[in-house]
Structures are given as structure tokens and as C-alpha cells.
Amino acid sequence: MDPIRIDDPQDPRVAAYLDIRERDLAGRQGRFVAEGKVVLDLLLSAGRFAAESALILENRLAGLEEILRKAPADLPVYVATSAVMDAIAGFHMHRGILAMGRKGAPQSAEALLDALPAQALVVVLVGIANHDNMGSIFRNAAAFGADAVLLDATCCDPLYRKAIRVSVGAALKIPFASFADTAGFTAMLARRGFEQFALSPRGRTDIRDAQRSERMALYLGTEGEGLPDSLLARLHGVRITMSEGFDSLNVAAASAIALHHFSAKES
């Protein structure tokens with residue numbers, strides 16, 4: 001693999017990297033940006049998504065040799081000075097490591113569930129629209145051994161650049177799929193033997209008293225509104241009990257506590 005030097009920010013070979021923040025909002029037509037050393041490593045080693053190219057700051061290249069050996073031999077690796085890379089990205093790229101990945105065809109929620117092992121823990125997200133929270137939840141899911149993340153149609157994209165970065169690449173590792181009909185999805189899980197828990201300050205059971213089952217799904221909702229009442233009425237509600245006068249945590253922090261509890265239990 002021979003690095004390809006880029007001296008002109010308008011070089012068509014790096015057009016996909018132009019004005020990164022603007023493209024974050026406009027979309028990339030099936031592509032996503034991986035940013036940073038750890039995320040690049042996961043993109044190239046996890047095998048869930050294909051890499052199209054990499055754009056590296058020239059003084060970072062030597063430290064990436066081992067990681068780049070995991071890439072296909074024909075992966076274009078572009079190298080630029082700091083000034084050129086900043087002009088391409090549209091802002092100062094202090095990390096100096098970018099790669100372009102392809103999303104591929106989305107997997108259906110049904111197909112993902114059917115591929116899970118007999119003992120499985122899945123995270124179900126409803127209305128998570130904040131990219132920091134999305135990335136943090138994926139990071140927690142990876143840290144505590146969740147098998148998959150399922151997202152309703154109102155959730156933000158886990159492959160948004162900031163979400164991937166906050167997840168420290170976990171969004172490139174943990175399988176995920178989306179679903180449109182929440183009632184139909186809960187029925188789909190029930191048919192596959194999943195016990196379904198809804199994390200809510202109004203949950204009837206303290207999470208410390210909730211027992212893990214062979215197959216279980218943990219539902220998390222957006223901060224403030226939480227999970228819809230119609231969904232809470234169908235599921236087993238669990239709460240993280242707190243000090244008097246304080247009723248909730250950030251959803252990402254709550255996900256860490258809940259996932260640690262359920263993952264640490266022996267089935």
C-alpha cells in the first residue's frame with residue numbers, strides 16, 4: 001500500500017471529505033465518516049462495514065502502520081499536510097485521521113433477531129435523537145456485552161460522525177437494525193422468547209430486584225419524555241431508585257447502570 005499525496009484540496013479523489021460538517025447535515029448517500037485512530041482500527045478490523053478510503057495527516061501516518069495493515073491492499077490511503085487537510089475538511093482536523101465507509105444494505109430487525117444466540121441481551125431505543133447519547137449508549141452496549149441494538153424510526157443515525165466518535169467505534173461493531181411499528185416489534189420479541197424491560201423512573205420494580213432471563217430486551221427512551229405510556233403499559237417497568245427529590249439520570253448514564261446489572265447476572 002503506497003500512500004497517495006494530496007496537495008490540492010479540490011482534488012476529486014478526496015471530494016467525499018470536503019466540508020465535513022456540512023455533509024454531516026446533508027447526508028452522504030450511503031457513506032459515513034470514521035474519525036480517529038481507535039475508530040479507524042474498528043472499521044478495518046470489525047468487518048461489518050467496508051472502507052472506501054482513508055485521509056491521513058502526514059505526521060500521523062507512521063503511527064498507523066499496524067492498523068493500516070488490516071486494510072485491503074487496494075484501499076486508497078491519501079496523505080496531506082495539516083493546511084491541506086484542514087482546507088478539505090473545512091475546519092482544523094486536530095485528530096488527523098479520517099476514513100470513508102459504506103453503510104451497505106440495512107439489515108431488518110427480524111433478520112437481526114433471528115441471527116442472535118439462544119442467550120441474548122438486546123437494547124431497544126425509542127426516540128433517542130441526541131448523537132452524544134446515541135454514541136454513549138452504543139459504547140455501553142459494547143462494554144457490557146449486549147448482542148444488538150434495535151432503534152425505532154424516530155432515533156438518530158448511529159453512523160452519524162459524532163455518534164461514531166462518541167461510541168469510540170462501538171457503532172461499527174455492535175449489530176443494529178431499525179423498526180417502524182413499535183407494537184409489532186414488541187410482539188416480534190415476545191414470539192422469540194424475550195422478556196422485555198422498560199427502564200423508567202416510574203417502573204414498579206427496583207432494578208436491583210430485577211432478574212435476568214435467557215433472552216431479554218432493555219428499552220430506553222428519550223430524556224424528559226421517556227418511553228411512551230402505551231409502551232410502558234405493555235412491558236415490565238424497572239427503575240433506578242435515587243435520592244429523594246431527584247428522579248432521573250441522563251439516558252446514557254442510566255443505560256450503563258442497567259446494562260451492568262443485567263450483564264453481570266448469571267442466567
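Everything here concerns the structure above.
Described below are features of the structure shown in this document.

Conventions used here
Residues numbered from 1 in each chain as written. Predicted model: local features only at pLDDT ≥ 70, side-chain atom pairs only at ≥ 80, totals over all residues. Heavy atoms only, no water. Helix = DSSP H or I, 4+ residues; strand = E, 2+ residues; numbered from the N terminus. Rg over C-alpha atoms; globule rule 2.2 N^0.38 Å. Areas by Shrake-Rupley, 256 points an atom, 1.4 Å probe, with all protein chains shown as cover. Phe/Tyr/Trp six-rings, centres within 6.5 Å; stacked < 30°, edge-to-face > 60°. Buried < 20%, exposed > 50% of the residue type's maximum accessible area, 1.4 Å probe, protein only. Lys NZ or Arg CZ within 6 Å of the ring centre and 35° of its normal. Contact = heavy atoms within 4.5 Å. Core = buried A, V, L, I, M, F, W, Y, C linked by side-chain atoms within 4.5 Å. Pairing = 2+ DSSP bridges. Axes fitted to C-alpha atoms, helices over the stretch in contact; angles between N-to-C directions. Salt bridge = Lys/Arg side-chain N within 4 Å of Asp/Glu carboxyl O.

**What about the overall build of the protein?**
For step 1, the next point in the chain: Counting its regular elements, the protein contains 10 helices and 12 strands.
For step 2, the next point in the chain: In terms of overall dimensions, the protein is globule-like: its C-alpha atoms have a radius of gyration of 20 Å, near the 18 Å expected for 267 residues.
For step 3, the next point in the chain: Projecting the C-alpha coordinates of the protein onto the three principal axes gives extents of approximately 60 × 40 × 30 Å.
For step 4, the next point in the chain: Total accessible area on the protein is roughly 12,500 Å²; 49% of this is exposed by carbon and sulfur atoms.

**Regarding the packing of aromatic side chains**
For step 1, the next point in the chain: As enumerated under the stated definition, the model contains four aromatic pairs in all.
For step 2, the next point in the chain: On the basis of an interplanar angle of 5° and a centroid distance of 4.0 Å, the ring pair of Phe-179 and Phe-185 is categorised as stacked. The two residues Phe-179 and Phe-185 agree in class, both being buried.
For step 3, the next point in the chain: Between Phe-197 and Phe-262, the ring centres sit 5.1 Å apart and the planes meet at 40°, which makes this aromatic pair tilted. Placement of Phe-197 in strand 9 (residues 195-199) and of Phe-262 in helix 10 (residues 251-264) is noted, with a sequence separation of 65 residues between them.
For step 4, the next point in the chain: Judged by relative accessible area, which is 1%, Phe-197 ranks as buried.
For step 5, the next point in the chain: In this structure, Arg-21 is placed above the aromatic ring of Phe-91, and the distance from its NZ or CZ to the ring centre is 3.8 Å.

**A look at the environment of Val-168**
For step 1, the next point in the chain: As for its position among the elements, Val-168 is in the loop between helix 7 (161-166) and strand 8 (176-179).
For step 2, the next point in the chain: Along the sequence, Val-168 and Lys-37 sit 131 residues apart, while their C-alpha atoms lie 9.5 Å from each other.
For step 3, the next point in the chain: The contacts of Val-168, once residues within four sequence positions are left out, are Val-38, Val-39, Leu-42 and Arg-139.

**Thoughts on the nonpolar core**
For step 1, the next point in the chain: Judged by nonpolar contacts, the single largest core of 56 residues is most densely connected at Val-123, Leu-125, Met-134, Val-149 and Leu-199.
For step 2, the next point in the chain: The element best represented in this core is helix 10, accounting for six residues.
For step 3, the next point in the chain: Excluding its chain neighbours within four sequence positions, the residues that come into contact with Val-149 are Leu-112, Val-123, Leu-125, Phe-138, Ala-141, Ile-174, Pro-175, Phe-176 and Ala-177.
For step 4, the next point in the chain: In this structure, Ala-120, Phe-179, Ala-198 and Leu-232 belong to the second largest nonpolar core, which totals 23 residues.

**Digging into the sheet that holds strand 3 (residues 50-57)**
For step 1, the next point in the chain: Read from one edge of the open sheet, five strands run 1-4-3-5-2, paired in mixed fashion. Because the sheet does not close on itself, it has two edges, and the strands there are strand 1 (4-5) and strand 2 (31-35).
For step 2, the next point in the chain: Pairing geometry for strand 3 and strand 5 (residues 97-102), over six bridges, is antiparallel. Looking at strand 5, one finds that Leu-55 is bridged to Leu-98.
For step 3, the next point in the chain: In the packing of helix 4 (residues 82-89) onto the sheet, the strands contacted are strand 3, strand 4 (77-80) and strand 5, and the crossing angle to strand 3 comes to about 130°.

**What to know about the pattern of salt bridges**
For step 1, the next point in the chain: Tallied over the entire structure, the rule returns 14 salt bridges.
For step 2, the next point in the chain: The partner of Arg-165 in a salt bridge is Glu-35, with the nearest N and O atoms 3.3 Å apart. Here Glu-35 lies in strand 2 and Arg-165 lies in helix 7, a separation of 130 residues in the sequence.
For step 3, the next point in the chain: Taking the relative accessible area as the measure of exposure, Arg-165 reaches 25% and is therefore partly exposed.
For step 4, the next point in the chain: We note a salt bridge from Asp-41 to Lys-70, for which the minimum N-O separation is 2.6 Å. Placement of Asp-41 in helix 2 (residues 37-46) and of Lys-70 in the loop between helix 3 (65-68) and strand 4 is noted, with a sequence separation of 29 residues between them.
For step 5, the next point in the chain: Judged by its relative accessible area of 40%, Lys-70 is partly exposed.
For step 6, the next point in the chain: Sharing partners across several salt bridges, the network here consists of Glu-35, Arg-95, Arg-161 and Arg-165.

**Some points on helix 4**
For step 1, the next point in the chain: Inspection of helix 4 places Val-84, Met-85, Asp-86, Ile-88 and Ala-89 among the buried residues, and these make up the whole buried set.
For step 2, the next point in the chain: Of the residues trailing helix 4, Gly-90 is marked for its positive phi of about 95°.

**Observations concerning the pairing of strand 11 (residues 215-221)**
For step 1, the next point in the chain: Counting buried positions over the seven residues of strand 11 gives seven, a clear majority of the element.
For step 2, the next point in the chain: Burial along strand 11 is two-sided: the residues Arg-215, Ala-217, Tyr-219 and Gly-221 and Met-216, Leu-218 and Leu-220 are all buried.
For step 3, the next point in the chain: Looking at chain direction, strand 6 (residues 120-126) and strand 11 are connected through seven bridges and run parallel. Its bridge partner being in strand 11, Leu-121 is matched across the sheet by Met-216.
For step 4, the next point in the chain: With four bridges joining them, strand 9 and strand 11 adopt parallel strand pairing. Looking at the pairing, Gln-196 lines up with Ala-217 of strand 11.

Any link to function would need more than the numbers given here.
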